[in-house]
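Each chain, written out:
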Amino acid sequence: MATPETPVTPATPTENHEMVHEHEMIPEHEMGHEHEMGHEHDMSHELDMGHEHEMGHEHEMMHEHEMVEHEIVLGNEMVPGNGMVQDYEMIPGNEMVLAEPQPNNVETPETQPGKHRKKKSIVWEHFTIENVAVGTRRAQCKKCKQSFAYSTGSKVAGTSHLKRHIAKGSCPVVLRNQQNDQLTPYSAPPKMTGYGGSNGAPKRRYRTASTPYVAFDPDRCRQEISKMIIMHDYPLHMVEHPGFLTFVQNLQPRFDMVSFNTVQGDCVATYLREKQAIQKVIEGVPGWICLTLDMWSSHHTVGYVFITGQYVDSEWKIHRKILNVIMEPYPDSEMAFSHAVAACLSDWSMEGKLFSVTINQPLGDAAIDNLRALLSVKNPLVLNGQLLVGNCLARTLSSIAQDAFKVVQGTVKKVRDSVKYVKTSESHEEKFIELKQQLQVPSTKMLTLDDRTQWNTTYEMLLAATELKEVFSCLDALDPDFKDAPSLEDWKQVETLCTYLKIFFDTANLLTAPTIPTTNTFFHEAWKIQLELARAAASEDPFTSRLTKMMQEMFDNYWKSCCLMLAIAVVMDPRFKMKLVEFSFSKIYGEEAAAYVKTVEEGIHELFNEYVSLPLPLTPTYVEEVNGSAMGQEDGQGFDASCNGLGLTDFDVYIMETSSQQSRSELDQYLEESLLPRVHEFDVVGWWKLNRMKYPTLSKMARDILSVPVSTVTADSIFSTVSKEMDHYRCSLRPETVEALICAKDWLQNASIDTSPVPIKMEVPI
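Reference entry: report on the structure contained in this document. (Residues numbered from 1 in each chain as written. Predicted model: local features only at pLDDT ≥ 70, side-chain atom pairs only at ≥ 80, totals over all residues. Heavy atoms only, no water.)

Within the structure shown, the criterion is met by 15 salt bridges. Its salt-bridge partner being D233, residue R730 comes within 2.8 Å of it at the nearest N-O pair. Taken as a pair, R730 in helix α26 (residues 728-731) and D233 in the loop between α6 (218-232) and α7 (242-251) lie far apart in primary sequence, 497 residues in all. Among the residues examined, R730 registers a relative accessible area of 16% and is labelled buried. With relative accessibility at 39%, the residue D233 sits in the partly exposed group. A salt bridge links D556 to K560, with the nearest nitrogen and oxygen atoms 3.3 Å apart. One end of the pair is D556 and the other is K560, both in helix α18 (residues 542-571) and four residues apart, which spans about a single turn. Using a relative accessible area of 62% as the deciding quantity, one classes K560 as exposed. A single salt-bridge network, built from bridges that share partners, covers D233, R730 and K745. (Salt bridge = Lys/Arg side-chain N within 4 Å of Asp/Glu carboxyl O. Helix = DSSP H or I, 4+ residues; strand = E, 2+ residues; numbered from the N terminus. Buried < 20%, exposed > 50% of the residue type's maximum accessible area, 1.4 Å probe, protein only.)

The structure is reproduced here in structure tokens:
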């Protein structure tokens, strides 16, 4: 039954103490009993030790403080006052003062002995009082129905243990509600009146962690909207969509929503800010820069050339960044790529710093001549341009795989239809699995339908099907509806196809690595592919010979255009040097190998001589590196030589320009030294960084050679069989806006990526 309402009297000092410190540790003598649901043993000792003195203590505290001023909490401070804050008042600060009256239909505790006012603790929103015996009352949780000690005779257990039950997650029901509703401790579910409801009733205050105040900044909001659009490829027009406008208005009514033109300007401004930082990096690159060109098509018949720069910075870390996205009105023109490269060099002031260009499609002789003629005006042609233009390895592998599937198009269709029959029906798949278990086929591969735009999915589908061919061959006996299963000859062709596709698949997987691979890695892959295809083309099996001859002809075009670059790169690997070139060429060319080896030897010496006679420009970063490593050291007399006017930095440049014989011996010395042990995860760029003082010129040459990219596409497009096409929405934007959106996204995404080289590990032999 509800107890009669008693007049609200000024709080006693004990009550004030309870309001201020309800989230703090309660002294042991105020701890209460918890007799049920596993709490009897934990709380019985506390009752015996503490409750004997509680009543006397309360009376003593009340009389002791009757003559002193009461205190009121304002925010986080104690403010003297003459009485309690009225129930309807709001206290300034980070917290609200709330005191809610008890509903009439909820039984509340009677006035405690020695008190002159009704108990107002928050716990009575969650507990009811029940009489269990004469003079003994217990508090029962409304949620989980657990019962806790409240009073026995004149002894009152207090409310601390009840608060802990609600606030610290002991109550399983409240705990679940907090997890589901993301509520903080001491916050009740929204359905409870008086807790965040709309009834306007004043509530009791409890201390909670205050959220740091952040001032509203409309300019920062605009910047974040532009970054959001850039990072997630959202359409610029989303800022004018009614749903987004309503969302922003409800989130922050003070924010004046921007228009399409405004957010377009904000995105371009973000791009320009990021470009300034990238420009400083490009200017400080100590070596040459390599470019990749990837032509995208569009439904407007115009092309978009994605130009990516790859380089090694002064810390010997490899970086790759999109520099430009240039619209080409006539993508099939012989001048398209030349125009794009010229625009990039001018935009980034890179004249004289271009080392190589890798293109996603084979170019005709006229297009290559135009590109070399353009670059020869302001850019030195390394080895007369022999290393200037390279083909994309990923595009080459994809083209070979596509043509290979066409050779056995009918067989591939039979396998695809068989897999589709099994995977598109649960009953069919259950029969297939049952038959597999009966036949005890050991394969662990799962059947999956392929995506024809990704050739690796077709390869993986065929590979899984060949391991389960026995099940497919017998499936018609268990399932009469299954017809047109591949024949034994079909399975033989699929197995042969998968055998040679595996070589391309493994090589392409290297290009999907999260770190940027160095150029020397792909000489190993290229010469193995060339060797395997040459052997298979001479096979006596007609199908194998026909299939691999087609593959060999296509890959041979790539090998001829990139062999010299890849060979020079592997010579820069101290684990292999010229030895691997001699070994691999002997396998591929037989008696003619010596002529090809000589070509590589002459090429690497000629390239080294060019580095000696045409030293790289002393960029600010390079000057700091030279001064810091050699010229900035003090001699034995205690003075800095470079500051003494000796001009030793210029003297070192003079030596590099004039001592060609000495510099040539630097290369010869490197080639004559013994090979390093072959180890896994060898960081070749890191090795040259450690040995740059021993090989000052050769290390610069190695740095440029090892950073030449072999692919023009991103990791998610390595296996793509379709050319990239610009979507309709971006085609409707200005070319400058398209470039800003794409480049800024690449720069923002890569800003936090750690490009530190992998530590050199030389423990595990290959």
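Read on, since the account is not over.
Right, let's talk about α6 for a bit. With 15 residues, α6 extends 21 Å between its outermost C-alpha atoms, agreeing within 8% with the 21 Å of an ideal straight helix rising 1.5 Å per residue. Within α6, the full set of buried residues consists of I225, S226, I229 and I230. All buried residues of α6 project into a common sector of 130 degrees when viewed along the axis, lining one side. For α6, the secondary structure elements touched by its buried residues are α8 (260-283) and α27 (735-750). (Expected span 1.5 Å × (residues − 1). Arc of directions from axis to C-beta. Contact = heavy atoms within 4.5 Å.)

A word on helix α20 (residues 593-613). Between its first and last C-alpha, α20 extends 31 Å over 21 residues, near the 30 Å set by a 1.5 Å rise per residue. By the burial criterion, the buried members of α20 are A593, V597, V600, G603, I604, L607, F608, E610, Y611 and V612.

Another point: the sheet that holds strand β11 (residues 389-391). Adjacent strands of a sheet form backbone hydrogen bonds with each other and so pair up, either parallel or antiparallel. Here five strands make up an open sheet; going across it, the order is β9-β8-β7-β10-β11 and the pairing mixed. Pairing within the sheet leaves two strands with one partner each, and these edge strands are β9 (318-328) and β11. With strand direction ignored, the average angle separating the axes of adjacent strands in the sheet is 25 degrees. In the sheet, strand β10 (residues 354-359) pairs with β11 via three bridges, with the strands oriented parallel. For I359, the partnering residue across the bridge sits in β11 and is N391. Along the sheet, helix α9 (residues 336-348) makes contact with β7 (289-296), β8 (303-312), β9 and β10, crossing β9 at roughly 120 degrees. (Pairing = 2+ DSSP bridges. Axes fitted to C-alpha atoms, helices over the stretch in contact; angles between N-to-C directions.)

So, on to the sheet that holds strand β4 (residues 136-141). The four strands are arranged β3-β4-β5-β6 in an open sheet whose pairing can be described as antiparallel. The open sheet has two edge strands, β3 (127-133) and β6 (155-156), and neither has a second partner. Relative to β4, β3 runs antiparallel, the two sharing six bridges. Its bridge partner being in β4, N131 is matched across the sheet by R137.

A word on the pairing of β9. Moving residue by residue along a regular strand, the side chains alternate between the two faces of the sheet. Within β9, nine of the 11 residues are buried, leaving the element largely enclosed by the surrounding structure. By the bridge criterion, 10 bridges tie β8 to β9 in an arrangement that is antiparallel. Bridging from a neighbouring strand, Y311 pairs with H319 of β9. Linking two consecutive strands that pair antiparallel, namely β8 and β9, is a turn of five residues; a positive phi of about 65 degrees is found at W316 within it.

This brings us to the packing of aromatic side chains. Per the stated rule, a full pass over the model turns up 29 aromatic pairs. Ring centres of Y459 and F505 lie 4.9 Å apart, and the angle between their planes is 35 degrees; this geometry places the pair in the tilted category. Here Y459, found in helix α14 (residues 455-467), pairs with F505, found in helix α16 (residues 488-510); they are 46 residues apart in sequence, far enough to count as distant. For Y459, a relative accessible area of 4% translates into the label buried. Members of the aromatic cluster, connected to one another through ring pairs, are Y421, F432, F472, F482 and W491. Positioned above the aromatic ring of W348 is the side chain of K275, whose terminal nitrogen or guanidinium carbon lies 5.2 Å from the ring centre. Between R703 and the ring centre of W316, over which it is positioned, the NZ or CZ distance is 5.0 Å. (Phe/Tyr/Trp six-rings, centres within 6.5 Å; stacked < 30°, edge-to-face > 60°. Lys NZ or Arg CZ within 6 Å of the ring centre and 35° of its normal.)

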